[in-house]
Amino acid sequence: MSALARTNTTAQGVEEDIIVPLLARLATIRAVLDAAPAPTPTPDRQDAPAPAMATAAAEEENARAEAAALLEKVRGEMSHLRAVFRRIDDADKSIRYGFDPVEERIDDALQHARPDAGHVREALLAVDAGIEAIRSSIREVYRFPCDGDERLDPPPPATAPATGVVMTRRMGEIRRGPQMRHLSLAIGGFEARLRGCVLTLAAFPECAVIKKRLLIHWWLGEGFVRSAAEGKSRFDELIAKGFIVPIPGHLCATVHRCAVRPWMRDLLTGVAKRSAFLDLDPGNDFTLARRACLNAGRMSSGFSPEARAIYNVDQKYLELDDAWFAGKKELRALQLGQWREFGPLEQIANPMDSHIELSGVEHLAGMECCKNLRYISFRGISRIESLPDSIGKLRDLTVLDLRACHNLEELGQGITRLDRLEYLDLSECHLLVGMPKGIGRLTRLEVLKGFVVANPSRREPCHLNELTKLNKLRKLGIVIGTMAVPTDDEFMKLGEFRALESLKIRWGVLASDNKGKIEASSHQKPIDKMKFALPPNLKKLDLRCFPLTDFAQWVMPKDVKKLYIRGGKLMTLGDEQGWEAEVLRLRFLNDLEYDHDRLKRSFRKLKPENTEIHACPKFIRGQ
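Residues numbered from 1 in each chain as written. Predicted model: local features only at pLDDT ≥ 70, side-chain atom pairs only at ≥ 80, totals over all residues. Heavy atoms only, no water.

- Labelled according to an unreviewed UniProt entry, the protein appears under the name NBS-LRR protein, originating from Oryza sativa subsp. japonica.

Structure below.
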């Protein structure tokens, strides 16, 4: 088995760890073919007859054309296999989820110190029904026997509907069984804030992958948790109690994503409806709902005056009017943006999936009526060019997520009055030209993503030295555009950020001359003249489009524990010993000339499972 194939044996793992890297290698082959020079006579063949040389050149050209045709065929077949494995992964997930009720009933039987025969019999009947449902799914999906006798022929298609009916009925009996009723009563008896955290899970579609950050922000908005730290503890508690299933991350031991088992979601949906906690009305009629989940289809603005949360689950088009915010004094959480995650490949394949259209932008000024708003997300919404100045009246606002608002050009001064703001995300707001002066007054900020270094078009810009007042800032993302004009010591100020643990810097794409030297814009200080310092307690450093060829020209990030470098001009990591990195991710570094042995000598604490070298064609891998 190849090294790639050993990394992840799931169908999704085959796609991500095998097929995607192979497609990248095929793209490299394509580039090599395109760049290969036309055949020319070699020194030892200078005396060869002209006809022979012409024949050799023609054969070379034919071979190149045939190779190009084969390459396109292989790429097409590989792309088709990728789609097939996605379908296999969906089928596998459906089958794996079938084991959840089986596990629950077996555990239920074992939890009794002196189980009576009737209780055991009831549990085993439910287990038997669950196993039959799993076997039925396997037969239907894979068309091979699973009855303990491989010589049996697969069941004929005509029996599938009957089996499906039995499966549905038996699974329904399990979901309506005594254990589910017991769990429902247990949820009702939870302390109010814990119950609120649990029931928000019912808002998300079946089998959805949910980010921990997303849940914590909702909980913060409604007051179910008092801090991000408490939210993380609550998230871990829900994992321990079995309400959510953790989804491990790549190269990261910390769980950042989760899912809800289908039967658990059914249970939570029922409890949420009966207790009037959450309204999942598919018709989008929320005139009486305390928490409205916006679904696909026609949208109404007739929300209850008592609404505490408006959450966009599946609405691609939003039309604001005066009624959206008028009288909503109880509104605490406003999630109009995109909650789903879309990877780069998904965004390329289906760019509109992550996009939300908003009209009536001028009505956003009406949010000033919602004095209790603590959480706002406009992530992925178009047409928002600036924030209304009235946003400064939302003095309880704790979380503001503006990520991927691609039309956002100006934040406005109103944002500088949000003195309780703890989280501000401006990532992927590519039209922003700078930050308003006064951001340094937001002394509760813990996370600031997408800080844009000012360019000459902005009057009275905010510089990094203003952020040194933010003593609680743990995470910072900086964007250095092609027109950025930093002050002489601006990036040296990073050395004064003592609380900062995570730093991400993204440079704009710069032009280079014919010798490969990177040129700054006419307004910008030369890249190699920008002096940097790193925060003293930095644990994670993420560099995007790094513009220099060697860290010796910049600053050596030897003490960071996690080092991510994606894209740019970096050619070497040097030969210095004593790097402290325990996680290393190098991606899309076309000029990186390095090898596995040098990597092992320099990064003594690095383990293979915490190392990713992707699309670095000049990197020499070990045997």
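Regarding the overall build of the protein
Here's step 1: When helices and strands are counted, the protein shows 13 helices and 18 strands.
Here's step 2: The buried share of the protein, taken over its 623 residues, is 45%.
Here's step 3: Sequence separation of at least 24 residues holds for 59% of the intrachain contacts in the protein that already meet a minimum separation of 6.
Here's step 4: For the protein, the accessible surface area stands at approximately 31600 Å², while carbon and sulfur atoms represent 53% of it. (Helix = DSSP H or I, 4+ residues; strand = E, 2+ residues; numbered from the N terminus. Buried < 20%, exposed > 50% of the residue type's maximum accessible area, 1.4 Å probe, protein only. Contact = heavy atoms within 4.5 Å. Areas by Shrake-Rupley, 256 points an atom, 1.4 Å probe, with all protein chains shown as cover.)

With respect to helix H11 (residues 262-274)
It helps to recall that an α-helix has 3.6 residues per turn; residues three or four apart then point in one direction.
Here's step 1: For H11, with 13 residues, the first-to-last C-alpha span of 19 Å sits near the 18 Å given by 1.5 Å per residue.
Here's step 2: Just downstream of H11, Ala276 is the residue with a positive phi angle, here 55°. (Expected span 1.5 Å × (residues − 1).)

Quick word on the pairing of strand S5 (residues 309-312)
Here's step 1: Here S5 shows two buried faces, one formed by Ala309 and Tyr311 and the other by Ile310 and Asn312.
Here's step 2: Where strand S4 (residues 291-294) meets S5, 4 bridges bridge the pair, whose relative direction is parallel. Counterpart to Cys293 in the pairing with S5 is Tyr311.
Here's step 3: Bridge analysis of S5 against strand S7 (residues 333-335) gives 3 bridges, and the strand direction is parallel. (Pairing = 2+ DSSP bridges.)

Brief notes about the pattern of salt bridges
Here's step 1: This structure, assessed with the given rule, holds 31 salt bridges.
Here's step 2: Between Arg257 and Glu341 there is a salt bridge; the shortest N-O distance is 2.6 Å. With a gap of 84 residues between them, Arg257 in strand S3 (residues 252-259) and Glu341 in the loop between S7 and helix H12 (344-349) connect regions that are remote in the sequence.
Here's step 3: Relative accessible area serves as the criterion here: at 37%, Glu341 is assigned to the partly exposed category.
Here's step 4: Here Lys561 ties to Glu580 by a salt bridge, and the two come within 3.6 Å at their closest N and O atoms. Remark: Glu580 occurs in the loop between strand S16 (562-568) and strand S17 (583-587) and Lys561 occurs in the loop between strand S15 (540-546) and S16; sequence separation between them is 19 residues.
Here's step 5: Connected via shared salt-bridge partners are Glu191, Arg193, Glu230, Arg234, Glu237 and Lys241. (Salt bridge = Lys/Arg side-chain N within 4 Å of Asp/Glu carboxyl O.)

Quick look at the packing of helix H8 (residues 192-199) against helix H10 (residues 228-240)
Here's step 1: As a packed pair, H8 and H10 sit with axes 11 Å apart at the nearest point and diverge in direction by 70°. Considering the angle they form, H8 stands roughly perpendicular to H10. For the pair H8 and H10, the contacting residues are Arg193, Leu194, Cys197 and Val198 in the first and Glu230, Arg234, Glu237 and Leu238 in the second.
Here's step 2: Residues of the contact of H8 with H10, tallied by class, amount to 4 nonpolar, no polar and 4 charged. (Axes fitted to C-alpha atoms, helices over the stretch in contact; angles between N-to-C directions. Parallel < 35°, antiparallel > 145°, perpendicular 65-115°, else oblique. Nonpolar A, V, L, I, M, F, W, Y, C, P; charged D, E, K, R; others polar.)

Remarks on the side chain of Arg234
Here's step 1: Note that Arg234 resides in helix H10.
Here's step 2: Once you skip the residues sitting within four places of it in the chain, Arg234 turns out to touch Glu191, Arg193, Leu194, Cys197, Trp219 and Val225.

Description of the environment of Phe342
Here's step 1: Mapped onto the secondary structure, Phe342 falls in the loop between S7 and H12.
Here's step 2: A relative accessible area of 22% places Phe342 in the partly exposed class.
Here's step 3: Residues Phe342 and Ser354 lie 12 residues apart in sequence; the distance between their C-alpha atoms is 6.8 Å.

Focus on H8
Here's step 1: The element H8 is extensively covered by neighbouring structure, given that 6 of its 8 residues are classed as buried.
Here's step 2: Among the residues of H8, those classed as buried are Arg193, Leu194, Gly196, Cys197, Val198 and Leu199.

What to know about the nonpolar core
Here's step 1: Phe378, Leu476 and Trp554 are the most contacted members of the largest nonpolar core, which totals 94 residues.
Here's step 2: Looking at this core, the elements with two or more residues in it are S4, strand S12 (447-452), strand S13 (475-480), strand S14 (502-507), S15, S16 and S17.
Here's step 3: Among the elements that line this core, the one with the most residues is S13, at 4 residues.
Here's step 4: Not counting residues within four places of it along the chain, the set of residues in contact with Trp554 comprises Ile505, Trp507, Phe532, Leu534, Leu541, Leu543, Phe546 and Leu548.
Here's step 5: Grouped together as the second largest cluster of nonpolar side chains are 47 residues, Val198, Ala203, Leu278 and Val313 included. (Core = buried A, V, L, I, M, F, W, Y, C linked by side-chain atoms within 4.5 Å.)

Notes on the packing of aromatic side chains
Here's step 1: Evaluation of the coordinates by the stated rule reveals 19 aromatic pairs.
Here's step 2: Centre to centre, the rings of Trp507 and Phe532 are 6.2 Å apart; their planes meet at 50°, and the pair counts as tilted. With a gap of 25 residues between them, Trp507 in strand S14 and Phe532 in the loop between S14 and S15 connect regions that are remote in the sequence. Considered together, Trp507 and Phe532 belong to a single accessibility category, that of buried residues.
Here's step 3: In this structure an aromatic cluster arises from ring pairing among Phe491, Trp507, Phe532, Phe546, Phe551, Trp554, Trp579 and Phe603. (Phe/Tyr/Trp six-rings, centres within 6.5 Å; stacked < 30°, edge-to-face > 60°.)

A word on the sheet that holds strand S1 (residues 210-211)
Here's step 1: The strand order across the open sheet formed by 3 strands is S1-S3-S2, and the pairing between neighbours is antiparallel. Two strands close off the open sheet at either side, each with one partner strand: S1 and strand S2 (245-249).
Here's step 2: In the sheet, S1 pairs with S3 via 2 bridges, with the strands oriented antiparallel. When the bridges of S3 are listed, Ile210 appears paired with Cys258.

Overview of the packing of helix H9 (residues 212-222) against H10
Here's step 1: Relative to each other, H9 and H10 sit at 120°, their axes nearing to 9 Å. Comparing their axes, H10 and H9 come out oblique. For the pair H9 and H10, the sense of crossing is right-handed. On the side of H9, the interface is formed by Lys212, Leu215, Ile216, Trp219 and Leu220, while H10 contributes Ala228, Gly231, Lys232, Arg234, Phe235 and Leu238. (Left-handed = near helix turned anticlockwise from the far one by under 90°.)

Considerations on the environment of Trp554
Here's step 1: Looking at where Trp554 falls in the secondary structure, it is placed in the loop between S15 and S16.
Here's step 2: Looking at Trp554, the relative accessible area reads 12%, which means it is buried.

A short note on the pairing of S2
Here's step 1: Two strands pair when backbone bridges link them, and S2 and S3 are joined in this way by 4 bridges, in the antiparallel orientation. Counterpart to Ile247 in the pairing with S3 is Arg257.
Here's step 2: Counted along the chain from S2 to the antiparallel partner S3, the turn is 2 residues long, and its residue Leu251 has a positive phi close to 60°.

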